[in-house]
Amino acid sequence: MSLLPELRYPTVTELVSSARALAAHRPGLCSLRQVGVSRAGRPLHLLSMGHAERSVLIVAGAHANEPTGGSTLLSLAERALRDRRLRAGTSWHFLLCADPDGASLHETPAPRTLLDYHLGFFRPAGPEQPEWSPSVLPPDRLPPETRALTRVIDELRPYLQVTLHGTDLGGSWVQLTKDIPGLAEPFAKSAAELHIPVETGATDAAGWPASGPGVHVMPASGTDAAYPSMPDDARHSTWYHAHRYGGLTAVVEVPMWASDLVDDPAPHPAPAAAMRRLARRLVRDALQVEVVLTEALPRLPGPEGPLLRAAKWALELVPGLAGDWARTPPADTTMAYVGSVDAFGRRLPLRAAAMLLRVLHEADDRAAPHLEHLVASWSEAFAERFRARWVPLEHQVEHQSRTVVAAAQHARER
C-alpha cells in the first residue's frame, strides 16, 4: 500500500525543544514564551521571530490527527531565520501546538498504512477543538486553548494567519477567509512539482467560490451552507478573528496519502444518484459502529473520556449529513467532488470506530475483536478504493511551506 515515511512527526515536547534551541541560538531575534495552558494544564508556546509591527501568525496542531503542521512549522521557522527577505518589515510568530492535550492522544508518529494511522487515531469532539469551538459554544464556555489563541491574535493583529491542517487521504487545497490574488499559481506549481494532487472539490469547501483550482474563498456571512445539518460554521471560528484587524486566514491542507481521484474536474455522469448512494453507505457503516457502542456501553467504566466523547460526536453527525447528501442538490457535479464526498463518507464512521476501539481495548472489552476487524477492513478498502500512495513527509512539509510563504508574500501585496 505505502512505504514507511522517511521521517517521523515530532511530538509537542520535541517541537518545544527545537524552538527553545532556535531562540537560544538567536536571542536578539527570536523568543519563546508561554501564552496559555490547556484544559489539562499543558503549556501553549509561541515562538516569535523579528520585531516588525506587521506580523504573520502560523498555527500548528489545531487538529491532533493532522501532524504534518508541526514539521512544517519548524521548517518555516528555520526558513524565516535563514532568509532575511522573509523578515523584511514582517515579524513571524509560531504557535507550536494549539491543542497539546489532543496531540498527547493521537499516537501515530510514523504510520506505515492507513490501519496504523487509525489504530492510534484521535480527533476531539467539535466543542473541544480550539479553532472550531466558537462556532458551537457560547463565549463563556470556550476552552482555554481557544482563549489563548484569540489573545495571541488580539496582541499580534496579524495581516495573515495561517493554520496548518492536513488530511489522511486525498489531495491538497487551501481555504481563505478573504481572497489572496496570485496565490493559486504558486500553489498549483508546488503541488505539481511534488506530485501532490490538488483536491478541486473538497467537501470542506463545498459550494465555495474558487480563485483557482484547489484555492477556495469562504462565502460571505448569510450564505447558505452546503450541508445545513453540520453544527459548525467556519465563519464563526477563530479563523475570522483576524478580520477584526484587517487581516485574513489561510488554511493550508496537505495529504499524508495522495489520491488522484480527487483531482478530476470531469463532470460526474450521475452526481445526485451517487450522493444518495454514498448517503446510504454512510448510514449503514455508522450503524455498525452504533451497534457495538450500544452493546458495550453498559460495561465501560466511567467517567466518559475524550475518546468516547469524540466517537459519539462523530456518530451524531451522520444522520443529518446523510440527509443533506440525499435531499439537497450536489454542491458540485464533478468527479473530484463526488470522490471527495466518497472519502469523507468512509472517513467519518471509520474514525468513530477507531476511537471506540481504543476505548474497548483499554477496558479489555469482549467487543474489541469485532471492531478491530471492522477498522482493519475499512482502512484497507479506503486505501484500495482511492489507490493511496504515501506522500513523503519532506514533500508534505515542502509543499505546505511553499504555500505559506507565497500566501504571506501575496497577502502583504494585497
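All values derive from a computational prediction rather than experimental measurement.

Scoring rules and cut-offs
Residues numbered from 1 in each chain as written. Predicted model: local features only at pLDDT ≥ 70, side-chain atom pairs only at ≥ 80, totals over all residues. Heavy atoms only, no water. Buried < 20%, exposed > 50% of the residue type's maximum accessible area, 1.4 Å probe, protein only. Helix = DSSP H or I, 4+ residues; strand = E, 2+ residues; numbered from the N terminus. Pairing = 2+ DSSP bridges. Axes fitted to C-alpha atoms, helices over the stretch in contact; angles between N-to-C directions. Parallel < 35°, antiparallel > 145°, perpendicular 65-115°, else oblique. Left-handed = near helix turned anticlockwise from the far one by under 90°. Contact = heavy atoms within 4.5 Å. Nonpolar A, V, L, I, M, F, W, Y, C, P; charged D, E, K, R; others polar. Salt bridge = Lys/Arg side-chain N within 4 Å of Asp/Glu carboxyl O. Domains from an automatic or database assignment. Buried area = accessible area lost by both parts, 1.4 Å probe. 1 Å grid on protein atoms, 1.4 Å probe; cavity = no way out; pocket = protein on both sides within 12 Å on 5 of 7 lines; lining within 4 Å. Points joined across faces, edges and corners; volume = space filled by probe spheres on them.

(A) Structural context of the pairing of strand β9 (residues 248–258). Along β9, eleven of the eleven residues are buried, which leaves the element largely enclosed by surrounding structure. Alignment of strand β5 (residues 160–170) against β9, held across ten bridges, turns out to be parallel. What sits directly across from L169, in β9, is W257. Alignment of strand β6 (residues 173–176) against β9, held across four bridges, turns out to be antiparallel. By the bridge assignment for β9, W173 is matched with E253. The pairing of β9 with strand β10 (residues 389–390) spans two bridges and is classified as antiparallel. Within β10, the position partnered with W257 by the bridge is W390.

(B) Focus on the packing of helix α9 (residues 306–327) against helix α10 (residues 335–362). Running from N to C, α9 and α10 cross one another at 155°; their axes reach a closest spacing of 8 Å. Viewed along their axes, α9 and α10 adopt a mutual orientation that is roughly antiparallel. Along this stretch, α9 crosses α10, giving a crossing that reads as left-handed. Of the residues in α10, those touching α9 at L307, L308, A310, A311, A314, L315, L317, V318, L321 and W325 are V341, F344, G345, L348, A352, M355, L356, R358 and V359. Residues that form the contact of α9 with α10 fall into these classes: 17 nonpolar, one polar and one charged.

(C) The pattern of salt bridges, seen in detail. Under the counting rule described, the total for this entry stands at 22 salt bridges. Here R85 and D83 are joined by a salt bridge, their closest N and O atoms 3.0 Å apart. Given the relative accessible area of 70%, R85 is considered exposed. Ionic pairing is found between D342 and R346, a salt bridge with its closest N-O pair at 2.9 Å. With D342 and R346 both in helix α10, this residue pair falls four residues apart, about one helical turn. Among the residues examined, D342 registers a relative accessible area of 4% and is labelled buried. A single salt-bridge network, built from bridges that share partners, covers R39, E128, E145 and R309.

(D) Seen up close, unusual backbone geometry. Following G302, the chain continues into P303 via a peptide bond in cis, with omega recorded as -5°. Look at D364: it is not a glycine, yet its phi comes out positive at around 55°. By the secondary structure assignment, D364 is in the loop between α10 and α11 (368–385). The exposure class of D364 is exposed, given its relative accessible area of 69%. In this structure, R387 takes a positive phi of about 50° despite not being glycine. One can find R387 in the loop between α11 and β10.

(E) Region of the structure containing the domain arrangement of the chain. Taken as a whole, the chain is organised into domain 1 (12–259 + 391–413) and domain 2 (271–388). Relative to domain 2, the C-alpha centre of domain 1 lies at a distance of 25 Å. With 38 residues of domain 1 at the contact, the number on the domain 2 side is 33 residues. Counting the surface lost from both domain 1 and domain 2, the interface buries some 2,800 Å², and carbon and sulfur atoms represent 63% of this. When the area that domain 1 buries against domain 2 is broken down by residue, the three leading residues are H118, F121 and Y227, summing to 19%. Here domain 1 and domain 2 share four salt bridges between them.

(F) Representation of empty space enclosed by the protein within the structure. Considering all chains together, one arrives at one cavity of 30 Å³ or more under this definition. Empty space within the largest cavity amounts to approximately 40 Å³. What lines the largest cavity is V12, V16, P43, L44, H45, L96, C97 and P100. Elements supplying a minimum of two residues to the lining of the largest cavity: α1 (12–25) and β2 (43–49). The element best represented in the lining of the largest cavity is β2, accounting for three residues. Considered class by class, the residues forming the lining of the largest cavity number seven nonpolar, one polar and no charged.

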